[in-house]
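Spelled out from the first residue to the last, the chains are:
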Amino acid sequence: MIENGDYAVQYGGEDAYMEQEEEWEREGLLDPAWEKQQKKTFTAWCNSHLRKAGTSIENIEDDFRNGLKLMLLLEVISGETLPKPDRGKMRFHKIANVNKALDFIASKGVKLVSIGAEEIVDGNLKMTLGMIWTIILRFAIQDISVEEMTAKEGLLLWCQRKTAPYKNVNVQNFHLSFKDGLAFCALIHRHRPDLIDYSKLSKDNPLENLNTAFDVAEKYLDIPRMLDPDDLQNTAMPDERAVMTYVSSYYHCFSGAQKAETAANRICKVLKVNQENERLMEEYERLASDLLEWIRRTMPWLNSRQSDSTLAGVQKKLEEYRTYRRKHKPPRVEQKAKLETNFNTLQTKLRLSNRPAYMPTEGKMVSDITNAWKGLEHAEKAFEEWLLAETMRLERLEHLAQKFKHKADTHEEWTKGKEEMLQSQDYRNCKLNELKALKKKHEAFESDLAAHQDRVEQIAAIAQELNSLEYHDCVSVNARCQRICDQWDRLGALTQHRRQGLDEAERILEKIDLLHLEFAKRAAPFNNWLDGAREDLVDMFIVHTMEEIQGLIQAHDQFKATLGEADKEFNVIVGLVRDAEAIVKQEQVPGGLVNPYTTLTADAISRKWSEVRALVPQRDQTLANELRKQQNNEMLRRQFAEKANSVGPWIERQMDAVTAIGMGISGSLEEQLHRLKEYEQAVYAYKPSIEELEKIHQAVQESMIFENRYTHYTMETLRVGWEQLLTSINRNINEVENQILTRDSKGITQEQLTEFRSSFNHFDKNRTGRLAPEEFKSCLVSLGYSIGKDKQGEMDFQRILAVVDPNNSGYVQFDAFLDFMTRESTDTDTAEQVIDSFRILASDKPYILPDELRRELPPDQAEYCIQRMPPYKGPNAIPGALDYMSFSTALYGESDL
């Protein structure tokens, strides 16, 4: 009898088994055939080991009596050397040898009860079988372990799992479940389907099934026949010990295949992760290349400052820019957000799978894309500012060109015939009064000429301004201005020459017509005033504010207030003409009706005065129209300001809320993700308000409104805020999803994540999402991480800091902190584990063959390994051998994946 030892715990309780056997014997259920079955099975089992030493037994109760073969059996199955046996044939020699064997069994933790050397030497079959069963338990069954179960339960679970897919097989025990032989055939077919065609077996042919299984096992698996098919069929309940002994041989035979299957699963898992990472890398490279290429193509257009220098051309460019902002850029904003999301997801997966961080191709880093995007936005802002400034410049140029033309036309109309008049020698044949009239007329002309000096200077000043503003038709403007200035110089010279001639003739002619002289003196300045008034009344203007138009209206009202005095002056001038006509008629002065001092007539003054009076209401209407336009502009400013003052704070509130969620202040990760999704939906639902504001902004720009004192928000700042809000939501959703992925893949609980986030936020006083080194140290201490205050503790902390801040930025980001705490809390695959798995598939060879990979791995992953593994160049290499060690190291080292 055997007492519970260490092996008994593994087996499931031998005492319980012996008690069950004694109960069966009391109730008459113990089958005498069991002892016969045990004898056959145990004999075959012993011979399967003794043949390694070149011997065997025939009768188990006789051949072990001298103890020699018993000691030899223990040496073979244990691999250890027992004490030297006694070679004598006396009874005490035999007892000594058997005791050496029993002592060796006891040294292995097995406590034998009621089994003594004398019973074995005397050939007691029951005691001998009990001793052999003890040896089988210790050296064949105890080492079986499946999911930390006892040996018997583990062996039974192994049989159940391996035979589960097979029809008519239901393994529940080690006696009746194996009686029809299908369970043995299923075990063989599961591991070696090439040896048995299971589909041809039938539950109705148990002897054929048993013989098939035993023959195949003996011939191909080197498992000797330990059971007799007839005994199994002729016994109501086969012996459990015999069946267990035989089934354990199957387990040890196929355990190597089980290890290979486990190794293959590990490799499949590693390769699947690697393939997914490569797909994400390729997608990132494609998206990054496409986005950078689009930016590269767009930048020359935004940096171009070429135009046809016409207002229509610039307005067309402005409309093209609006189309670009509405249609072409929004898809690229989404592409940029997707690119950043994919990159963060890839890096998270690489960290979780213990792979090195992904380094994109040169020029395609996230920072490169961010810098290129910032350059694009800077170019957009500069391009829009240039378009608006160019519009204002060209509008002013058009206004100045029209003003130049109007003043030049007026001046050239005034100078028409003046050179011929000044070159005339008419004063040589005049009477004295006519000469004096000519002289006074010339004086009036000089006065008029001096009055026109300001107009000429204005024309020159306008031409100079057109040149400084690069007016597109500067050539014709300069040519006309030069003609006017040259003519003005000639008029000055001719005037001086005629004056000298009149002074020479004045010594002869003295009579002066005072009345005509007075008319000339009054009419000339009044005529100039009329000309100036006409110019002012038809003068074009451009204003941008209510204050400017109100200033013009006020100035016009002041002008209208002077019309009364002008009417009095007009009546005085007309009265002078009437008085002269009366004197000439009364005195009969020859030629007295012709005013010798001026070319102005009362009719001309009256006509101009009528024109001025007619132009006044026209000017009133023009100013009223402009006032209505500025009032409409003011309404647009208020509409934009009202909407912008609503949208701007809303965006700021949403940004603050998203930032608070991103800090993980409250709720689980799923709750945070749900709230971020709700904010994302709310933001997209708010988009019509942004589009409505864009429409108002377009109306504002079309009305040439360039400032708004009712709000500090601009469309550009609101666009940037809107895009930043979308980007912040997407980034926070991505970070929370990555944290969920980290939690689920690494087995981190929600409570651990909450503790990590709470500790991080507690020391992140400024809510910047990062910790200084001392803050990080305090955070680790708060989480129970022991860091000594001595020199060694500081060195340990610096090593930790090098892991979480590899770029030596001086700060620890939350994702690096979470990654570190995750590694501290969980276990991950390593390169050594993958190498050990490949070594199992390769049967301990330092290389592996393509056929072995195709046999053990799925087809796609087998081909993946074959294409990427380098040839093995070590000793004893054969053609086609692959180096799995360097391949596994590359998976976890610096790789160009």
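In the block above lies the structure referred to throughout.
Residues numbered from 1 in each chain as written. Predicted model: local features only at pLDDT ≥ 70, side-chain atom pairs only at ≥ 80, totals over all residues. Heavy atoms only, no water.

Draft legend 1. Structural detail: the environment of threonine 822. In this structure, threonine 822 sits in helix α29 (residues 814-825). The exposure class assigned to threonine 822 is buried, which follows from its relative accessible area of 2%. Distance in space between the C-alpha atoms of threonine 822 and glutamine 752 is 9.5 Å, their sequence separation being 70 residues. (Helix = DSSP H or I, 4+ residues; strand = E, 2+ residues; numbered from the N terminus. Buried < 20%, exposed > 50% of the residue type's maximum accessible area, 1.4 Å probe, protein only.)

Draft legend 2. Inspection of helix α6 (residues 91-107) at higher detail. End to end, α6 covers 24 Å across 17 residues, agreeing with the expected 24 Å (1.5 Å per residue, within 8%). Listing the buried residues of α6 in full gives His93, Ile95, Asn97, Val98, Ala101, Leu102, Phe104 and Ile105. Phi turns positive one or two residues past the end of α6, at glycine 109, with a value near 90°. (Expected span 1.5 Å × (residues − 1).)

Draft legend 3. Quick look at unusual backbone geometry. Even without a glycine there, the phi angle at aspartate 222 is positive, about 60°. Residue classification places aspartate 222 among the exposed positions, given a relative accessible area of 52%. Notably, serine 843 is not glycine yet its phi reads approximately 55°, a positive angle. Here serine 843 lies in the loop between α30 (831-841) and α31 (850-856). Classification of serine 843 by relative accessible area gives exposed; the value is 55%.

Draft legend 4. Seen up close, helix α14 (residues 311-352). The end-to-end C-alpha separation of α14 is 60 Å, in line with the 62 Å expected for 42 residues at 1.5 Å each. Phi for asparagine 354, located one or two positions after α14, is positive at around 60°.

Draft legend 5. The arrangement of the packing of aromatic side chains in detail. Counted under the stated rule, the structure contains 24 aromatic pairs. On the basis of an interplanar angle of 90° and a centroid distance of 5.1 Å, the ring pair of phenylalanine 214 and tyrosine 246 is categorised as edge-to-face. Of the two residues, phenylalanine 214 is situated in helix α11 (residues 206-220) and tyrosine 246 in helix α13 (residues 240-303); the sequence distance between them amounts to 32 residues. Assigned by exposure class, phenylalanine 214 and tyrosine 246 land together as buried. Pairing phenylalanine 570 with tryptophan 609 gives two aromatic rings, centres 5.8 Å apart and planes at 15°, and the pair type is stacked. Here tryptophan 609 lies in helix α22 (residues 602-662) and phenylalanine 570 lies in helix α21 (residues 563-587), a separation of 39 residues in the sequence. The same class applies to phenylalanine 570 and to tryptophan 609, which are both buried. (Phe/Tyr/Trp six-rings, centres within 6.5 Å; stacked < 30°, edge-to-face > 60°.)

Draft legend 6. Region of the structure containing the packing of helix α27 (residues 773-782) against helix α28 (residues 791-804). Running from N to C, α27 and α28 cross one another at 105°; their axes reach a closest spacing of 11 Å. Relative to α28, the element α27 lies roughly perpendicular. Here α27 contributes Pro773, Phe776, Lys777 and Leu780 to the contact with α28, which in turn contributes Glu794, Phe797, Ile800, Leu801 and Val804. Class assignment of the residues belonging to the contact of α27 with α28 gives a composition of 7 nonpolar, no polar and 2 charged. (Axes fitted to C-alpha atoms, helices over the stretch in contact; angles between N-to-C directions. Parallel < 35°, antiparallel > 145°, perpendicular 65-115°, else oblique. Contact = heavy atoms within 4.5 Å. Nonpolar A, V, L, I, M, F, W, Y, C, P; charged D, E, K, R; others polar.)

Draft legend 7. Looking closely at the pattern of salt bridges. The full count for this structure, using the stated rule, is 55 salt bridges. Salt-bridge contacts for glutamate 340 lead to lysine 336; the nearest nitrogen and oxygen are separated by 2.9 Å. Taken as a pair, glutamate 340 and lysine 336 lie in helix α14 at a separation of 4 residues, close to a single helical turn. For arginine 854, the salt bridge is made with glutamate 863, and the minimal N-O distance between the two is 2.9 Å. Judged by its relative accessible area of 43%, arginine 854 falls in the partly exposed class. (Salt bridge = Lys/Arg side-chain N within 4 Å of Asp/Glu carboxyl O.)

Draft legend 8. Region of interest: the nonpolar core. Judged by nonpolar contacts, the single largest core of 75 residues is most densely connected at Ile135, Phe178, Phe184 and Tyr250. Leaving out residues up to four positions away in the same chain, phenylalanine 184 has contacts with Phe178, Leu210, Ala213, Phe214, Leu227, Val243, Tyr246, Val247 and Tyr250. Among the nonpolar cores identified, the runner-up in size contains 50 residues, and Tyr686, Val736, Phe760 and Leu780 belong to it. (Core = buried A, V, L, I, M, F, W, Y, C linked by side-chain atoms within 4.5 Å.)

Draft legend 9. Expanded view of the side chain of arginine 355. By secondary structure assignment, the location of arginine 355 is in the loop between α14 and α15 (366-415). Among the polar contacts listed, one links the side chain of arginine 355 to the backbone oxygen of valine 270, at a separation of 3.1 Å. Once you skip the residues sitting within four places of it in the chain, arginine 355 turns out to touch Val270, Val273, Asn274, Asn277, Leu350, Leu891 and Tyr892. (Polar contact = N/O pair within 3.5 Å; in protein donor to acceptor, adjacent residues only side chain to side chain.)

Draft legend 10. Looking closely at the side chain of serine 177. Turning to its location among the elements, serine 177 is positioned in the loop between α9 (151-163) and α10 (182-191). The class of serine 177 is buried, set by a relative accessible area of 14%. A polar contact of 2.9 Å, which involves the side chain of serine 177, links it to the backbone nitrogen of glutamine 172. Dropping the residues within four chain positions of it, serine 177 is found in contact with Asn170, Val171, Gln172 and Ala183.

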